[in-house]
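Notes for the structure review
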Amino acid sequence: MAERKTAKSKYTADRQIPGAFEGETVTRRRFMTGTVHTAGAVATAAIVLPAAGFALGPVFEEKEQPWQPVGKATDFTPDTYLPRTITIEPRIGDVGKSTVFVRRFNPDVDTEPRDQYNEFIAISSACMHLGCPINFVAAAQRFICPCHGGVYDFVGKVAGGPPVRPLDRFYTRVENGTVQIGRRFSVNSELERFSPRDPGEPLDGVGQYMYPSRPSMRKLPGT
Amino acid sequence: MPKLKLPVPPMPGRPAPKRPGKTYGPQTPREHGREAGTSAIGWIDERTSLSGGARWMMFRKVPKGTNWFYTLGSATMFAFLAQAVTGVFLAMYYDPSATGAYDSIRNINNEVFLGEFVHGMHKWGSSVMVILVFLHMGRTFFFGAYKYPRELNWVIGVVLLILTMTMSFTGYLLPFDQRSYWATIVGVNINGTGPFVGPYLSDFLRAGPDFGATTLSRFYAIHMMLVPGAIAALMGFHLYLVAKLGTTAPPWLRAKSPEKLREEKVAR
């Protein structure tokens, strides 16, 4: 029977390695291998990390959304919506424009608490099913989406079809008699304000946790 | 004692070694011309030994019963190559900016010589490729060709299917007409309905919370650089595994064991 190998000592000097120092535990070969691997990892990271950050940057960067005027306060009534065009992204021409539907706050139908940002109600034209453009049909007092038949009532709550939450809204304020539109926010079925979500993401129940808000777009703090 | 490699005597049928004082090979310009192709390939092969690999790849044994269904994989590859060639030439005329994309596509379709034809090849070829991918996948499934030892090739094939779908999705935006724009809005929002990571993924795809200034160029880069490179690399590995593992016989053919090894015939 072959003799069992005795466990190697952790000291290089005990293992008869030429030139070993007293108390040395790492061989020079192992040290050099580790050094080269570390240098390789640093060099790779120096290229990969900036490139990945470059591609992923917009996910973490907050988008600027300036207040923009949409007309005189006296233009709008509490009874019907007026379509107004706003610019979501100024650098891409017509593609960056979007429609909002604006009316005055109406205490008869609007149940949410009044504050400085909802004297005027501005409703986004993106359907909350998958983002197609909805239209306000005045005769029916409904918002209707042409793609898959989403229907919303006068305040933007879901009245039928596949949408998962009421239509998104925009903050509004009045400056010198002009109505201004700010950033977008999302609402749940109680019309509570949430940071803007994409269409198709419900906000009732566990929805708000399954579809977290993103650093790229938040609601105004304290609202 | 170290092993010695003894010189091997020339095999019968091999040319005899060259001797000094004799002339070999082509002499006149006409003979040189006739052998130009052979000698050029010989020059490369002498330095790379690629012919061995080519022979390994192309002159394989195939099982009895191999039929036309086995050509679906190659057909998919040639559909991809057609997309690559037409895509490269379309890129010469295409302008991936939100303000110029639609006009450049209109220019390709209406002004450029054969532009509508090449654009059409790319557009319809994408559908051909998706159909061929599914037929190839169905063939593999129904012939049981995904079983041991070919599971890894099935997995790579599924990744290639997903990459093909990514190509279809990102390419759909590029003409930048109404259909492209709204299909992309809807597609990105479908992607966003994935719980927890969906919202961040759609931010990544759009480069921001809304369709923005760099969304189109981002889709363009994914469509013509990122995914085609990944497809080409994985396709190479897919083919390597096919050559290494061989193809399966169709399921209606049973392997025949030699007569004398069959249990009922063996004398007890």
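Analysis parameters
- Residues numbered from 1 in each chain as written.
- Chains lettered and ligands numbered in written order.
- Predicted model: local features only at pLDDT ≥ 70, side-chain atom pairs only at ≥ 80, totals over all residues.
- Pairing = 2+ DSSP bridges.
- Helix = DSSP H or I, 4+ residues; strand = E, 2+ residues; numbered from the N terminus.
- Buried ≥ 20, exposed ≤ 12 C-beta atoms within 10 Å, placed from the backbone.
- pLDDT = per-residue confidence, 0-100.
- Core = buried A, V, L, I, M, F, W, Y, C linked by C-beta atoms within 7 Å.
- Contact = placed C-beta atoms within 7 Å.
- Axes fitted to C-alpha atoms, helices over the stretch in contact; angles between N-to-C directions.
- Parallel < 35°, antiparallel > 145°, perpendicular 65-115°, else oblique.
- Nonpolar A, V, L, I, M, F, W, Y, C, P; charged D, E, K, R; others polar.
- Domains from an automatic or database assignment.

1. Let's talk about the sheet that holds strand S5 (residues 135-137) of chain A
All names here are of chain A. With antiparallel pairing, 4 strands are arranged side by side in an open sheet as S5-S6-S7-S8. Edge positions in the open sheet fall to S5 and strand S8 (158-160), since each of these has one partner strand only. Pairing of strand S6 (residues 142-144) with strand S7 (residues 151-152), which is carried by 2 bridges, proceeds in the antiparallel orientation. Looking at the pairing, Ile144 lines up with Val151 of S7.

2. Considerations on the environment of Tyr209 of chain A
Residues and elements named next belong to chain A. Checked against the element boundaries, Tyr209 lands in helix H2 (residues 207-210). The class of Tyr209 is exposed, set by 10 C-beta atoms lying within 10 Å. Along the chain, Tyr209 and Asp168 lie 41 residues apart, while their C-alpha atoms are 18 Å from each other.

3. Section: the confidence of the model for chain A
Across chain A, the average pLDDT comes to 92, with 97% of residues at or above 70. The lowest-confidence element of chain A is H2 of chain A, averaging 93 in pLDDT; the highest-confidence one is S7 of chain A, averaging 97.

4. Details of the nonpolar core
In terms of nonpolar packing, the biggest core is built from 27 residues, with Val100, Val102, Ala122 and Ile123 of chain A touching the most fellow members. Discounting chain neighbours no more than four positions away, the residues touching Ala122 of chain A are Val100, Val102, Arg169, Phe170, Thr172 and Ile181 of chain A. Membership of the second largest hydrophobic core comes to 18 residues, among which are Val95 of chain A together with Tyr94, Ala101 and Leu174 of chain B.

5. Concerning the packing of helix H8 (residues 178-192) of chain B against helix H9 (residues 198-206) of chain B
Helix packing geometry: the angle between the two helix axes and the distance between the axes. Residues and elements named next belong to chain B. The N-to-C vectors of H8 and H9 enclose an angle of 150°; their axes lie 7 Å apart at closest approach. Taken together, the axis directions place H8 and H9 in an arrangement best described as roughly antiparallel. The residues of H9 that touch H8, namely those facing Val188, Asn189, Asn191 and Gly192, are Gly198, Pro199, Leu201, Ser202, Leu205 and Arg206. Taken together, the residues that form the contact of H8 with H9 break down as 4 nonpolar, 5 polar and 1 charged.

6. A short note on the domain arrangement of chain A
Its domain assignment divides chain A into domain 1 (9-61) and domain 2 (68-210). Using only C-alpha atoms to locate each centre, domain 1 of chain A and domain 2 of chain A end up separated by 56 Å.

7. Some thoughts on the interface of chain B and chain A
Contacts between chain B and chain A engage 25 residues on the former and 25 residues on the latter. Of all the secondary-structure elements, those providing two or more residues to the side of chain B that touches chain A are H8 and H9 of chain B. The element that contributes the greatest number of residues to the side of chain B that touches chain A is H8 of chain B, accounting for 7 residues. Considered class by class, the residues forming the side of chain B that touches chain A number 15 nonpolar, 8 polar and 2 charged.

8. Overview of the environment of Gly212 of chain B
Looking at the element boundaries, Gly212 of chain B is found in the loop between H9 and helix H10 (215-245). In this structure Gly212 of chain B comes out as buried when scored by C-beta crowding, with 21 C-beta atoms within 10 Å. On a C-alpha basis, the gap between Gly212 of chain B and Gly138 of chain B in space is 39 Å, while along the polypeptide they are 74 residues apart. Gly212 of chain B has contacts with Glu89 of chain A together with Arg206 and Ala207 of chain B, leaving out every residue within four places of it along the chain.

9. Regarding the pairing of strand S4 (residues 120-124) of chain A
All names here are of chain A. Where burial is concerned, most of S4 is hidden: 5 out of the 5 residues are buried. The alternating pattern of S4 places Phe120, Ala122 and Ser124 on one face and Ile121 and Ile123 on the opposite face, and all of these are buried. Taken together, the 5 bridges between strand S3 (residues 97-104) and S4 define a ladder with antiparallel strand orientation. From the neighbouring strand, Arg103 faces S4, where its bridge partner is Ile121. Pairing analysis gives 2 bridges linking S4 to strand S9 (residues 169-175), with the strands arranged antiparallel. Looking across to S9, one finds that Ala122 is bridged to Phe170.

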